[in-house]
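Listed below are the residues making up each chain.
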Amino acid sequence: TSYRRSKLLFYFLGLSISLGTMLVILFSGFHIILRDFATQYPFSTLLYGFLILLIFTLTGLPLTFYSSFIYDKKFKISQYKITGWFKDYLKSNLISYIIWLIIIAVLYFSIRNFSPWWIYAGMFSIVFSMAINYVYPLVVVPFMWKTSPYKDNSMKAKILGLCRKLGVTNIRNIVVINESEKSVRPNAVFMGMGNSKRIGLFDTLLNSFTKDEIEAVVGHELGHYVNKDILRGLILESIVIFPALFIIDYLVGVLSPMLGIGGITDLESLPLIGLINSILVFLLMPLINTHSRWRESEADKFALMHVQKPKAQLSLEKRLSDLHLSELKPHPLIEFWLFTHPSTIKRI
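Owing to the predicted nature of the structure, the values given are computational and were not obtained by experimental measurement. (Residues numbered from 1 in each chain as written. Predicted model: local features only at pLDDT ≥ 70, side-chain atom pairs only at ≥ 80, totals over all residues. Heavy atoms only, no water.)

The next point concerns unusual backbone geometry. Going from S115 to P116, the amide bond is cis rather than trans, its omega being -5°. Its identity is not glycine, yet F43 carries a phi of approximately 55°, on the positive side. Residue placement: F43 occurs in the loop between α2 (30-38) and α3 (44-74). For Q308, which is not glycine, the phi torsion reads 60° and is therefore positive. Topologically, Q308 is positioned in the loop between α10 (270-306) and α11 (310-323). (Helix = DSSP H or I, 4+ residues; strand = E, 2+ residues; numbered from the N terminus.)

Turning to the packing of helix α8 (residues 211-226) against α10, a few remarks are in order. It is at 7 Å that the axes of α8 and α10 come closest, and there the two elements cross at 125°. Taken together, the axes of α8 and α10 lie oblique to each other. Here α8 runs over α10; the crossing is right-handed. Here A216, G219, H220, L222, G223, H224 and V226 of α8 come into contact with α10, specifically with R295, E296, A299, D300, F302 and A303. (Axes fitted to C-alpha atoms, helices over the stretch in contact; angles between N-to-C directions. Parallel < 35°, antiparallel > 145°, perpendicular 65-115°, else oblique. Left-handed = near helix turned anticlockwise from the far one by under 90°. Contact = heavy atoms within 4.5 Å.)

Tracing the sequence through the fold places S180 in the loop between β2 (174-177) and β3 (188-191). You can call S180 partly exposed: its relative accessible area is 29%. Spatially, the C-alpha atoms of S180 and S16 are 32 Å apart, while their sequence positions differ by 164 residues. Setting aside residues no more than four positions away along its own chain, S180 makes contact with Q79, D203 and T204. A polar side-chain atom of S180 sits 2.6 Å from a polar atom in the side chain of D203. (Buried < 20%, exposed > 50% of the residue type's maximum accessible area, 1.4 Å probe, protein only. Polar contact = N/O pair within 3.5 Å; in protein donor to acceptor, adjacent residues only side chain to side chain.)

Quick look at the pattern of salt bridges now. Under the counting rule described, the total for this entry stands at 18 salt bridges. Residues D36 and R35 are paired through a salt bridge, measuring 2.8 Å at the closest nitrogen-oxygen approach. D36 gets classed as partly exposed once you look at its relative accessible area, which sits at 39%. Each of K158, D212, E215 and K309 takes part in salt bridges that share partners, so that together they form one network. (Salt bridge = Lys/Arg side-chain N within 4 Å of Asp/Glu carboxyl O.)

Once that is clear, we can look at the pairing of β3. For a regular strand, side-chain orientation follows a simple rule: the groups alternate between the two sheet faces. Note: β3 against strand β4 (residues 198-202), four bridges, orientation antiparallel. In the strand pairing of β4, A188 is matched with L201. Here β3 hands over to β4 after six residues, with G192 in that stretch at a positive phi of 90°. (Pairing = 2+ DSSP bridges.)

Right under this line is the structure:
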């Protein structure tokens, strides 16, 4: 309980640091200084975006290091050595920077070349999300983790047999993801789209759980796949993204004059766009997370119905909760606003 409550505190501290950094940049006039610097060089939009991202990385680093390395070490969740943690921190930031710089470049290209720009930017966002889903198992997973083929042939045949039984015939790859050198957290994922689809099993899951429990996890992930939850997520994103971008366009127009911003087409509008976007994301979390919890609950039901090993699924949920130091019964408001999965007691 103390672990999860501290993690909740870290979340709100991180959010406060992020919002506070944006406000300081905007009200100190530093966004104008950065613009004047960046526009002296080629690819000024990318340079400006990089500098803004770098500021947020540096201001957030102390809390990130404490919460994900020192604090997780204290509770024996993290298995990292300090060099490994910094290596993965840099790698994850590299991926994040690439994604955000592409988004920033396309955002300003849309703003400066199309009207209404938010329709075109919203369409790009949906296509970009699909592209990330496709490349995730091909690029991101092997970049962040050591992977190897799953060598338990009998269990592999059982998993693929379950897939075929449920009409999932286009998944043939099962990979083991080496998480044990990073943490004790177990997981299983169905990754990718089209011909990049595959099943990923964390070695922490394979080493610590029974085969029945592993089958229950796979059944849950199969539920997401059969229920087309990636597609459902993209549909929800397409419903939310257009009005969100419209609101950003309107509010930037209203607030720009008091912050010395020429307009949304100017580079110095980026911190303001980021501030409004962060607030919108936080306000939309109940909607997004309610949908996510519903899909997770449906995937649990799918596993219960098709794997038909309720005792294994029950012990799985309890052991996952223990390993993650989860609260069995979190405060209803916290669950409603922040949880992407139902609380453990509800899943049980």
